[in-house]
Amino acid sequence: MATNHLLEIKQYGQSIWMDNLSRDIIESGELENLMKNQGISGITSNPAIFGKAITGNAIYDADIEAGIREGLPTYNIYESLIFADIRNACDILRPVYDATNGLDGYVSIEVPPTIAHDTQATIAEARRYFQEIGRENVMIKIPGTQAGLPAVEQAIAEGINVNVTLLFAVQSYINAAWAYIRGLEKRVSEGRDISQIASVASFFLSRIDNNIDAKIDAKLQRGVDDINHEAVLRAVRGKIAIANAKIAYQEYKKITSTDAWQALAAKGAKVQRLLWASTSTKDPSYNDVMYVNELIGKDTVNTLPPATIKACADHCHVSDRLETGVDEAYNLLESLEAQDINININTVMDELLVEGIDKFVQPFQSLMNSLEGKIKLLSPV
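Rules of the game
Residues numbered from 1 in each chain as written. Predicted model: local features only at pLDDT ≥ 70, side-chain atom pairs only at ≥ 80, totals over all residues. Heavy atoms only, no water. Helix = DSSP H or I, 4+ residues; strand = E, 2+ residues; numbered from the N terminus. Rg over C-alpha atoms; globule rule 2.2 N^0.38 Å. Buried < 20%, exposed > 50% of the residue type's maximum accessible area, 1.4 Å probe, protein only. Contact = heavy atoms within 4.5 Å. Arc of directions from axis to C-beta. Salt bridge = Lys/Arg side-chain N within 4 Å of Asp/Glu carboxyl O. Disulfide = S-S within 2.5 Å. Phe/Tyr/Trp six-rings, centres within 6.5 Å; stacked < 30°, edge-to-face > 60°. Lys NZ or Arg CZ within 6 Å of the ring centre and 35° of its normal. UniProt positions renumbered as here; feature names shortened; annotations may be inferred. Polar contact = N/O pair within 3.5 Å; in protein donor to acceptor, adjacent residues only side chain to side chain. Pairing = 2+ DSSP bridges. Axes fitted to C-alpha atoms, helices over the stretch in contact; angles between N-to-C directions. Parallel < 35°, antiparallel > 145°, perpendicular 65-115°, else oblique. Left-handed = near helix turned anticlockwise from the far one by under 90°. Nonpolar A, V, L, I, M, F, W, Y, C, P; charged D, E, K, R; others polar.

Chemist: Honestly, the overall build of the chain in this entry has me stumped. Any pointers?
Modeler: Scanning the chain for helices and strands turns up 17 helices and eight strands. Compactness check: the chain gives a C-alpha radius of gyration of 21 Å against a globular reference of 21 Å for 381 residues, within 12% of the reference. By its C-alpha atoms, the chain is 70 × 50 × 50 Å across when sized along the principal axes. By the burial criterion, 56% of the 381 residues in the chain qualify as buried. For the chain, restricting intrachain contacts to residue pairs at least 6 apart in sequence, the fraction spanning at least 24 positions comes to 79%.

Structure representation (structure tokens):
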């Protein structure tokens, strides 16, 4: 029997979650099979994923019709559909949650992307989602925006599991980590338990390379002075995202060695693991599992779309590489500032955060429009 490389990864202290959820995989038993036989120990979702799951899929029609009979508005029908899927996925993954003492077994759901810049609305929705879904192993996704981080802190203080999403810059990850710590500290100051709270910091990968590669390709198309200049530009294509992630992990190690963290760990706090997101390669010339192979390491999560899960099970080359080439990673990011490349990494990260929110808002609004159309179709005349 061929080796399933997904199962090997767990030996290095990394958990594999799946970036996908639909009623089809719940009801068919596929999700349970992935958990039991493929080593999948968590689920992440987002508006784009739910859009693909619900649009044009008759499996949701009975519940939509039930919402119509109740006179529910479109948004409430949408929530009834996704909350049901999240609850059922949580129940399937509950054995993982129990077996790992709350380390894994989580299902992530995002607050509405339209409130990404509204702290109080984000806190209110995170609180409501957590209460209405009513599962200990649900994790609420909050974007790591300037407005989102205070919401992360407050949600953690209230005992809500949080997936801090849309992190691109290393400094953004650091800010998210300290928001988690402050939330735990607040909870401790109130005499409440912190041992059952979990958080991950979702650090995005392929979108960084897509952005920087496009800038490099534009420079190459305009023409360069000599072959050495061309070689310098080509040398950074497809390399920045992994280098950025390795540097973020070094910051994770610094943070978890501080007195502030150690005091919380002594009270049973769980580390906020770095989660590698946006892990499917978009450039066909790149290895299709490079964002898995190069970032396997202790106390991390990698969330993979179904195609990458299948590819990794077949041909991932599993080894502990997260702390290899760290010096080269720092040098690589510094090289972007050189005259021959001249790409501002901070500008790139700012662009990606704006685009990232938009990439969640657009499918969310598209889904609302599609659902409205389906409601009209299924409504009695």
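Chemist: Before we go on, may I ask you to explain the environment of Tyr 173 in this structure?
Modeler: When you line up the elements, Tyr 173 lands in helix 9 (residues 170–189). Taking the C-alpha atoms as reference, Tyr 173 lies 7.1 Å from Ala 248; in sequence the two are 75 residues apart.

Chemist: What am I meant to see in helix 16 (residues 326–335) here?
Modeler: Owing to its 3.6 residues per turn, the α-helix aligns residues three or four sequence positions apart on the same side. Buried residues of helix 16: Val 326, Ala 329, Leu 332 and Leu 333, and no others. End-on view of helix 16: buried residues confined to an arc of 115°, all on one side of the axis. Away from its buried face, by an angle of more than 90 degrees, helix 16 presents the exposed residues Asp 327, Glu 328 and Glu 334.

Chemist: What should I look at first to understand the pattern of salt bridges in this one?
Modeler: Two side chains bearing opposite charge may form a pair once their charged atoms approach each other closely. Tallying each qualifying case throughout the model produces 21 salt bridges. Notably, a salt bridge pairs Arg 128 with Glu 132, separated by 3.4 Å at the nearest N-O pair. Of this pair, Arg 128 and Glu 132 both sit in helix 7 (residues 119–133), four residues apart, which is roughly one turn of the helix. The salt bridge involving Asp 217 is made with Arg 237; its shortest N-O contact spans 2.9 Å. Of this pair, Asp 217 sits in helix 10 (residues 206–222) while Arg 237 sits in the loop between helix 11 (227–234) and helix 12 (240–256), and the two are 20 residues apart along the sequence.

Chemist: Explanation requested: the state of the cysteines in the structure shown.
Modeler: In a disulfide, the sulfur atoms of two cysteines are covalently bonded to one another. If you walk through the whole model with that rule in mind, you get one disulfide. The residue that forms a disulfide with Cys 312 is Cys 316, at a sulfur-sulfur distance of 2.2 Å. The sign of the S-S torsion, about -115°, decides the handedness of the disulfide formed by Cys 312 and Cys 316: left-handed. Across this residue pair, the class does not change: Cys 312 and Cys 316 are buried.

Chemist: Would you explain helix 8 (residues 148–157) in this entry?
Modeler: For helix 8, the buried fraction is high: seven of the ten residues fall into the buried class. Along helix 8, the positions that sit buried rather than exposed are Gly 148, Leu 149, Ala 151, Val 152, Ala 155, Ile 156 and Ala 157. Packed against the buried residues of helix 8 are helix 7, strand 4 (138–143), strand 5 (162–167), helix 9 and strand 6 (199–204).

Chemist: What is the right way to look at the packing of aromatic side chains in this model?
Modeler: Aromatic ring pairs: the centre-centre distance and the angle between the two ring planes describe each pair. By the definition in use, this model includes ten aromatic pairs. Between Phe 83 and Tyr 129 the ring centres are 5.0 Å apart and the planes differ by 80°, which places this aromatic pair in the edge-to-face class. On the criterion of sequence distance, the pair formed by Phe 83 in helix 6 (residues 74–99) and Tyr 129 in helix 7 is long-range, its members being 46 residues apart. In terms of burial, Phe 83 and Tyr 129 fall into one category: buried. A network of ring pairs unites the aromatic residues Trp 17, Tyr 97 and Tyr 106 as a single cluster. Here the basic side chain of Arg 207 rests over the ring of Phe 360, its NZ or CZ set 5.9 Å away from the ring centre.

Chemist: I would appreciate a short explanation of the UniProt feature "active site" (unreviewed entry) in the chain in the present structure.
Modeler: What UniProt calls "active site" (unreviewed entry) maps, in this numbering, to Lys 141. If we skip the residues at most four places from it in the chain, Lys 141 touches Thr 44, Ser 45, Asn 46, Ser 108, Ile 109, Glu 110, Val 111, Asn 163 and Thr 165. Polar side-chain contacts of Lys 141 include one of 2.9 Å to the backbone oxygen of Ser 45.

Chemist: For this particular structure, what's the right way to read the sheet that holds strand 3 (residues 106–110)?
Modeler: Sheets are built from strands that pair by backbone hydrogen bonding, the pairs being arranged parallel or antiparallel. Taken in spatial order, the eight strands of this closed barrel run 1-2-3-4-5-6-7-8, and their pairing is parallel. Recorded for the sheet is a direction-independent mean angle of 30° between the axes of neighbouring strands. As paired elements, strand 7 (residues 273–277) and strand 8 (residues 300–304) share three bridges and run parallel to each other. By the bridge assignment for strand 8, Leu 275 is matched with Val 301.

Chemist: What should I look at first to understand the packing of helix 3 (residues 30–37) against helix 6 in this one?
Modeler: Geometrically, a packed helix pair is captured by the angle between its two axes and the distance between the axes. One way to put it is that helix 3 packs onto helix 6 with a least axis distance of 10 Å and a crossing angle of 15°. Here helix 3 is positioned roughly parallel relative to helix 6, judged by the angle of their axes. Between helix 3 and helix 6 the crossing geometry is right-handed. On helix 6, the residues touching Leu 31, Glu 32 and Met 35 of helix 3 are Ala 89, Ile 92, Leu 93 and Val 96. Residue composition of the contact of helix 3 with helix 6, grouped by class: six nonpolar, no polar and one charged.

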